[in-house]
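An overview of the molecular structure
Each chain, written out:
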Amino acid sequence: MQIESLRQRLRALGANPRHEQRVLRLWSQALPQTAGRRQVQHFLPAPLVAELPAIASELAALATLHSEHPADDGSARLLVKLADGQMVESVLLPRGGLCVSTQVGCAVGCVFCMTGTTGLIRQVGSAEIVAQVALARARRPVKKVVFMGMGEPAHNLDNVMEAIDLLGTVGNIGHKNLVFSTVGDARVFEALPLGRVKPALALSLHTTKAELREQLLPRAPRVAPDELVALGEAYARATDYPIQYQWTLLDGINDGDDEVEGLVRLLHGKFAILNLIPYNAVPELPFTRPSWDKAADLARRLHRRGILTKLRQSAGQDVDGGCGQLRARAERPARRTVPIRAEA
């Protein structure tokens, strides 16, 4: 379901813009449609009042909890079942964060990611994206939503932008607390500045070497790292939000001295934060995470060279919760192994 189709249904039942926003606000904030001091029949159109229970049931069915996997760090990985039986993953993060999925599967095929082993199965509708937030909010408060789960948001741009618009308005999420993550599709840099809600932007960099990036992200747009940073810098200056550059640390592949020098060259003086994320190991894939001491030393060296660097602990390490793993264990997609040359 898409949010616009829901809006049209409400209008057909006699809802005016105020009624429409009320239904969407209560749904997106995981509140019952009967919430409030006034009884709904006293101010909503009678046809809408009659259909509200059915609408609420349909919205609740968009995303239901298949299984929950709490971790020692306070996060919880949720395997979420969509209405047609397909499954995606959401992650409840510490301090009120939530990571949501925007596609079932993914076409980018990042070789270190379990999600990409199945390719793209289907898009997640805008209402299904918001439904993941509502499902999470029924369990704990959500103050930040990051579009970093299964899928490439840029490949489902209309649905993601529609969900962002709702969450950044009646959904009561601050615009800087909506984080759009992408491998760098050019359409993102055209669409995001035009939206009523302008989210923060996270760019998956992973290496400063164009050839190695093509190996790690084989079906990502062929945007060189320096060009990607230039596009990110322009958006950061236009919105006054720093760009978050995502860097999954793969032992022996993108954690060497050459990458330190490349990062200093690319990011020094930029309005940016570098997130170093040690790889969340997947038994089916041939990559390992560097030791925490090695990762911490890398972060310190970059920080000393003037790069604002944060070393992130991947949520859910103790429950094998790398993105796509829960769904993989439930559905067993085909495995894939791709050799990577670190020296490329």
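The structure presented is a predicted model; accordingly, all values stated were derived computationally and were not measured. (Residues numbered from 1 in each chain as written. Predicted model: local features only at pLDDT ≥ 70, side-chain atom pairs only at ≥ 80, totals over all residues. Heavy atoms only, no water.)

Notes on helix 5 (residues 157–167)
Judged by how many residues are buried, helix 5 sits mostly within the fold: nine of eleven residues are covered. All of the buried residues in helix 5 are L157, N159, V160, M161, A163, I164, D165, L166 and L167. (Buried < 20%, exposed > 50% of the residue type's maximum accessible area, 1.4 Å probe, protein only. Helix = DSSP H or I, 4+ residues; strand = E, 2+ residues; numbered from the N terminus.)

A look at the sheet that holds strand 12 (residues 309–311)
Strand order in the open sheet formed by ten strands is 1-2-3-4-7-8-9-10-11-12, and the pairing between neighbours is mixed. Every interior strand has two partners, whereas the edge strands, strand 1 (63–70) and strand 12, have only one. Neighbouring strand axes in the sheet, compared pairwise and without regard to direction, differ in orientation by 25° on average. Where helix 3 (residues 46–61) meets the sheet, its contacts fall on strand 1 and strand 2 (76–82), and the angle it forms with strand 1 comes to roughly 40°. (Pairing = 2+ DSSP bridges. Axes fitted to C-alpha atoms, helices over the stretch in contact; angles between N-to-C directions. Contact = heavy atoms within 4.5 Å.)

Some details on the pattern of salt bridges
Within this structure, the stated rule accounts for 17 salt bridges. One salt bridge in this structure joins R9 and E51, with 3.6 Å as the shortest N-O distance. Residue R9 is located in helix 1 (residues 3–12), and its partner E51 is located in helix 3; the two are separated by 42 residues in the primary sequence. When its relative accessible area of 31% is taken as the criterion, E51 is described as partly exposed. E233 is the salt-bridge partner of R237, the closest N and O atoms lying 2.8 Å from each other. With R237 and E233 both in helix 8 (residues 225–239), this residue pair falls four residues apart, about one helical turn. Judged by its relative accessible area of 51%, R237 is exposed. When salt bridges with common partners are traced through the structure, they connect E4, R7, R11 and E20 into a single cluster. (Salt bridge = Lys/Arg side-chain N within 4 Å of Asp/Glu carboxyl O.)

Comments concerning the layout of surface pockets
In this structure, the second largest pocket spans a volume of roughly 260 Å³. Surrounding the second largest pocket, 16 residues form its lining, W27, A56, L59, A60 and A134 being those nearest its centre. Those elements giving two or more residues to the lining of the second largest pocket turn out to be helix 2 (17–28), helix 3, strand 1 and helix 4 (126–137). Classifying every residue of the lining of the second largest pocket gives 14 nonpolar, two polar and no charged. (1 Å grid on protein atoms, 1.4 Å probe; cavity = no way out; pocket = protein on both sides within 12 Å on 5 of 7 lines; lining within 4 Å. Points joined across faces, edges and corners; volume = space filled by probe spheres on them. Nonpolar A, V, L, I, M, F, W, Y, C, P; charged D, E, K, R; others polar.)

Thoughts on the environment of W292
With respect to the secondary-structure elements, W292 resides in helix 10 (residues 292–304). Counting along the chain gives 21 residues from W292 to Q313, while the straight-line C-alpha distance between them is 9.3 Å. Aside from chain neighbours lying at most four places away, what touches W292 is P278, L311, R312 and Q313.

Quick word on a positive patch on the surface
Taken together, the side chains of R95, K144, K310 and R312 define a basic patch exposed on the protein surface. Following the sequence through the fold, K144 ends up in strand 7 (residues 144–147). (Patch = residues over 30% accessible without salt bridge, like charges linked within 9 Å, V, L, I, M, F, W, Y side chains within 5 Å. Areas by Shrake-Rupley, 256 points an atom, 1.4 Å probe, with all protein chains shown as cover. Lys, Arg positive; Asp, Glu negative; His and termini not counted. Charge placed at Lys NZ, Arg CZ, Asp CG, Glu CD.)

Focus: helix 8
Taking 1.5 Å per residue as the helical rise, helix 8 with its 15 residues ought to reach 21 Å, and the 21 Å between its terminal C-alpha atoms agrees with that figure. Among the residues making up helix 8, those that are buried are P225, L228, V229, G232, E233, Y235, A236 and T239. The buried residues of helix 8 all sit within an arc of 165° when viewed along its axis, so they share a single face. Among the exposed residues of helix 8, those oriented more than 90 degrees off its buried face are R237 and A238. Among the structural elements, helix 6 (186–191), strand 9 (200–204), helix 7 (210–216), strand 10 (243–249) and helix 9 (257–267) are those in contact with the buried residues of helix 8. Phi turns positive one or two residues past the end of helix 8, at D240, with a value near 65°. (Expected span 1.5 Å × (residues − 1). Arc of directions from axis to C-beta.)

Notes on the pairing of strand 2
For strand 2, the tally of buried residues reaches six of seven residues, placing the bulk of the element in the interior. Note: strand 1 against strand 2, seven bridges, orientation antiparallel. Looking at the pairing, L65 lines up with V80 of strand 2. Connecting strand 1 to the next strand, strand 2, in antiparallel fashion are five residues, including G74 with a positive phi near 95°. Hairpin geometry of strand 2 and strand 3 (residues 87–93) is characterised by an intervening segment of four residues between the two adjacent antiparallel strands and by a positive phi of about 95° at G85.

Quick look at the packing of aromatic side chains
Enumeration according to the criterion identifies two aromatic pairs in this entry. Summarising the aromatic geometry, the rings of Y279 and F287 are spaced 6.1 Å apart at their centres and angled 80° between planes, so their arrangement reads as edge-to-face. Residue F287 is classed as buried on the basis of its relative accessible area of 7%. Among the aromatic residues, those joined into a cluster by ring pairs are F112, Y279 and F287. (Phe/Tyr/Trp six-rings, centres within 6.5 Å; stacked < 30°, edge-to-face > 60°.)

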